[in-house]
Each structure stands twice: as C-alpha cells, then as structure tokens.
Amino acid sequence: MVSSLGVRSYLIHNTAVVFAGLAVNQLLQVVGSVVLARILPTATLFGQVSIMLQVLGMGGLFLNLGLNTALIYVVSRHGRKAIMVSYGLSLTASIAAAVLISGALALLAPWIGNLYHSPAIAGAIALGSLMLIMNSAINVGVALFSGARRFIVQSLLMVLITFFSTVGMIVGAVLAPGRTSVPLYVSAGMCATDLLTVAIVLAWIHRDYCAPLFVRIRARTLKSLLKYGIPIWAGNIAKSFQQSFLVVVTGAASVVAAGYLNNAMKIVGFLNIVTWAFNIVALPFLSEVANLPQEASARATLCFRYNNFILFPLTLLILLFPHFITLSLFGPRYMTPESVAFLSVTALGVLVSSISRLGGTLLSGIGRPRANFWTMIVSGGPVLLLAPLAIAHNALLGCWVYALGWTLSALSLLWFLVRDGLTVDWRSAFGEPLIPTVVAFVAVTVMRQIIDLRVVLMILEGILVALVTWRLERSSLWRNGHAEERHGTLPGRP
C-alpha cells in the first residue's frame, strides 16, 4: 500500500533526475549552436551546417524500429530476466536496420547536396550516415537503463552523448581549412566522438549486466517486441520529423531564415525537455500499474499536473521576453523581428504539443501504443502537406502550421484518453497548474509599466509561480490525505 505522497515523491524525484540530465543536454546543444553561430563567419554558412545536422537528425528518426521503447516496457515489467532475453535481440535487430537506413541516406546525399547547391553538404551527409549505425546501438543501451529505472545512469549517459557530440562538432568547425569544407569536418568530428560514446555505453552494460551483445534472432520474441514498438516508432517519426522538416523546407526558401528557425528550436528545446523528462519516467511508472485502472488514472493525472506546473511558466517566460533571450544567447546579428517571431510561435506550438506527447506515452504505458501513433499522425499531416505551401509565401507561416497540427493532435489525444479508459482529473491536471502562470502574467504585465529591468521581472515571475504552486500543491496533498484516511491508499509500487 502506497500513499499518494509516496507516489508523488517517486514521480517528482525521478523526473527531476531525468530533467536535470536533459537540461544539461539541451544547454550543451544551445552552447554548441551559439559557439557555431559566433565562430562561423557568415549566417549562410551557419545555415548550411544547420541544414546538414537537421538532415542527419531526420535520418536518425528511423532508427531502432521501436525496439528501444519495447525494451523499456518489457524490462520495466519483468526485470533482469527480460534483459538477458531482449537486450541482445533488440541490439542486433536495431543495428541491422540502421545499416540499411544509413546506406539509403548515403545514396540520397548527392541529391540533397544538389537541392541546396552545396557539394560540401552532400559529402557531410554521406559521412555522417555512419553515425546512424552508432546511434542505434547507443539508443538501445540507454533504453535498457531506463527500463531498469536507473534514471541517474541514463541521464549521465545522455549528457555524455551530447557533450562528446558537441565537442566533435565544434572541433570539426575549427579545424576546417576553408569555408566549403566546414560541413564535412563538422560531420567527421561528430563521427569520431560517437565511436567513443558507443564504446562507453556497451562497456557499462557489460559491466553491470553481462548481457550478450549479439544473439540469434528469435522470430517470436522479435515479433512481440515489434508489435509493441512499431506503433510508437511510427508515431515518434511523425512527431519528431516536424521540426527538422520545417528547418529543411525553410532552408530551401531562405538559408538565413533556416538559421533563425534553428536558433528558435534550440531555445524551445528547454520546453521540449520538460515533457521529455516526464515521458521517460512515465512509461515504466504507468507500466507497473497497467492492470489497475484507478491507480493508472491517478498517476496519469499527476504526470500531466507536474508537467504543466513547469511548462506553463517557462512558456510564458519566452513569450514575454523573446527579444532579450535571443539577444543574450545569439548576439545582435540574430536579433531581428523575424528571428523573434520564429521563437514566439514555435514556443506556442511546443506548449500545445506536450498534451499529445505526454498523453501518448501514458497510453503506451498501459499497453495502448496505437493511440500514440494516430495522435502523432494527426500532428504531422498538416506540417507535411501544408507547411511547404505556407513557407513558399512566408517562412513564418510554417511555424503557424506546426502549431495548428499539434492543436488538432491534442484534441484527438483527449478523445483517446476517454476511449481507452485512462480518465484524468482535468481540474488537477490542467486547471490548477494554469493559475500560477496567470497570476505571474498579470503581475509582470503591470510591473512592466513601472520598470524596464527584464532580469528583475523574470525573477518576479519565478517567485510568484513558486509561491502559488506551493500553495496549490499543499491544498492538493491535504485533500488527498483526508481521502486516503477515509478509503485507504491505492495499491501500487512506485
């Protein structure tokens, strides 16, 4: 028997650990982008490197066939015995698929280079396709630690991966002998550091679990893993391709605008990682009570609630101070009205997307992965079909299409929650978390008429949000404590 306080503490503690790792991760990515933006002599060259990285990122979306997510689910439910059976199988199948995907991307590289009139981009993509094979092995290794609920190790590995990749990217840019060779050298630097990362991840798993790396493919086990993982994999492609796709399509219209959008994506990445952290913890968190509908619903409500308590004020921060944030990070060269507009609209899109992204993971946790697939398809359809047409008229319209797609997806996710029986307390999950942000918005808006010190206003927003959130959470714990005294605690094992 576990109290509501115990379940909340488990969720908050582990999400905080994962969020800390993801925050450092995102900070490293932003630092890498900032350093590149400042050391590369022109915005055009920076845009070329951004496009190359986004193409490689899009290729990476097709890795693993959902086997890494299936591994998390299986290990979280069955423990160490599932590691010995499923890890080597997932690794072998993932690498085999990655070899095919890498080869396809290398064949497409000359065509992509011609599209952007840059042979350097073509060579960089062909070389960078090797990273996909290494990343497939890394993803399976990180998933293993996630399923085992070793979130500290998982977070540490994620930070190491990003750190080495960022170092390789910057070193490659610095060592490039000329402007035309910068994309190729950036790609080579990242390949070298990825190789080091693979060695670390595989050695860590061997030390802790002695699990075999490569095993004979067992058709029945592989089919079972794919049956669970492929809907989530396909949904994640529809979800994750969108930002990279927007940058690539925007780059076809304006390489400089692609750089602006890339900077906006880096900043709103801090919003993305809030929900990402909850997603990582939520899958095993819900999986353990998948057969207990009442407890699963209570845990789903908590995931939405704490996600929104963090996400709402962070989004407000970006919407209130887009000029200051852009100037502070990327310098005056990128402080244009177009750049600021990209940041504001993209932030709104990411805020709405959190409903579908987290809700889809929660449904996957109770064994309903197909809902995750369909909600992601709803979000990706408008971006794929309408964004190129919109961007042809105005680059910023692509971001509005992105926000529209996620709004439709959020509405469909709410329907899936009702259909699949994962009921959510809407007041606790969405209503109460909005109150601190509204209070902070009103207060900061009034104070802006009196003082123009942005740092002071940002601190004021943080203090108000923290105080009101604390008061709401204290009241919620009091209500739940009295309910548990009357009815007893719900079964569950955090």
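What you are looking at is a predicted structure, and each value in this text was computed from that prediction instead of being measured.

Procedures and definitions
Residues numbered from 1 in each chain as written. Predicted model: local features only at pLDDT ≥ 70, side-chain atom pairs only at ≥ 80, totals over all residues. Heavy atoms only, no water. Phe/Tyr/Trp six-rings, centres within 6.5 Å; stacked < 30°, edge-to-face > 60°. Helix = DSSP H or I, 4+ residues; strand = E, 2+ residues; numbered from the N terminus. Buried < 20%, exposed > 50% of the residue type's maximum accessible area, 1.4 Å probe, protein only. Lys NZ or Arg CZ within 6 Å of the ring centre and 35° of its normal. Salt bridge = Lys/Arg side-chain N within 4 Å of Asp/Glu carboxyl O. Axes fitted to C-alpha atoms, helices over the stretch in contact; angles between N-to-C directions. Parallel < 35°, antiparallel > 145°, perpendicular 65-115°, else oblique. Left-handed = near helix turned anticlockwise from the far one by under 90°. Contact = heavy atoms within 4.5 Å. Nonpolar A, V, L, I, M, F, W, Y, C, P; charged D, E, K, R; others polar.

Caption draft 1: Seen up close, the packing of aromatic side chains. All chains considered together, the criterion is met by nine aromatic pairs. For the pair phenylalanine 304 and phenylalanine 430, a centre-to-centre distance of 5.2 Å together with 40 degrees between the ring planes defines the contact as tilted. Taken together, the residues phenylalanine 304 in helix 10 (residues 293-320) and phenylalanine 430 in helix 15 (residues 426-448) connect sequence positions 126 residues apart. This pair shows no difference in class: phenylalanine 304 is buried, exactly as phenylalanine 430 is. A ring pair is formed by tyrosine 306 and phenylalanine 309, whose centres lie 6.5 Å apart and whose planes are at 35 degrees; its orientation type is tilted. Linking tyrosine 306 with phenylalanine 309, this pair stays in helix 10, spanning three residues, or about one helical turn. When sorted by exposure, tyrosine 306 lands in the same class as phenylalanine 309, which is buried. Here the aromatic residues Phe145, Trp204 and Tyr209 are joined through ring pairs into a cluster of three or more. Sitting above the plane of the phenylalanine 285 ring, arginine 299 keeps its charged end 4.5 Å from the centroid.

Caption draft 2: Up close: the pattern of salt bridges. Applying the stated criterion to the full structure yields six salt bridges. Put simply, arginine 419 and aspartate 420 hold a salt bridge, and the shortest N to O gap is 3.0 Å. Note that arginine 427 and glutamate 432 form a salt bridge whose closest N and O atoms lie 3.5 Å from each other. What you see here is one network of salt bridges that share partners, running through Arg150, Arg207 and Asp208.

Caption draft 3: Molecular detail of unusual backbone geometry. Look at leucine 65: it is not a glycine, yet its phi comes out positive at around 55 degrees. Position of leucine 65 among the secondary structure elements: in the loop between helix 2 (43-60) and helix 3 (67-78). Of note, the phi angle at arginine 149 is positive, near 60 degrees, even though the residue is not glycine.

Caption draft 4: Geometry of the packing of helix 6 (residues 151-175) against helix 9 (residues 255-287). Where helix 6 contacts helix 9, the two axes come as close as 12 Å, and the packing angle between them is 150 degrees. Considering their axes alone, helix 6 and helix 9 lie roughly antiparallel with respect to each other. Where helix 6 crosses over helix 9, the two elements pack in a sense that is right-handed. Along the contact surface, helix 6 presents Phe151, Gln154 and Met158, while helix 9 presents Ile280, Val281 and Pro284. Class assignment for the residues of the contact of helix 6 with helix 9 results in five nonpolar, one polar and no charged.

Caption draft 5: Looking closely at the environment of isoleucine 273. Mapping isoleucine 273 onto the fold places it in helix 9. Residue contacts for isoleucine 273: discarding those within four places in its chain leaves Phe19, Leu22, Ala23 and Gln26.

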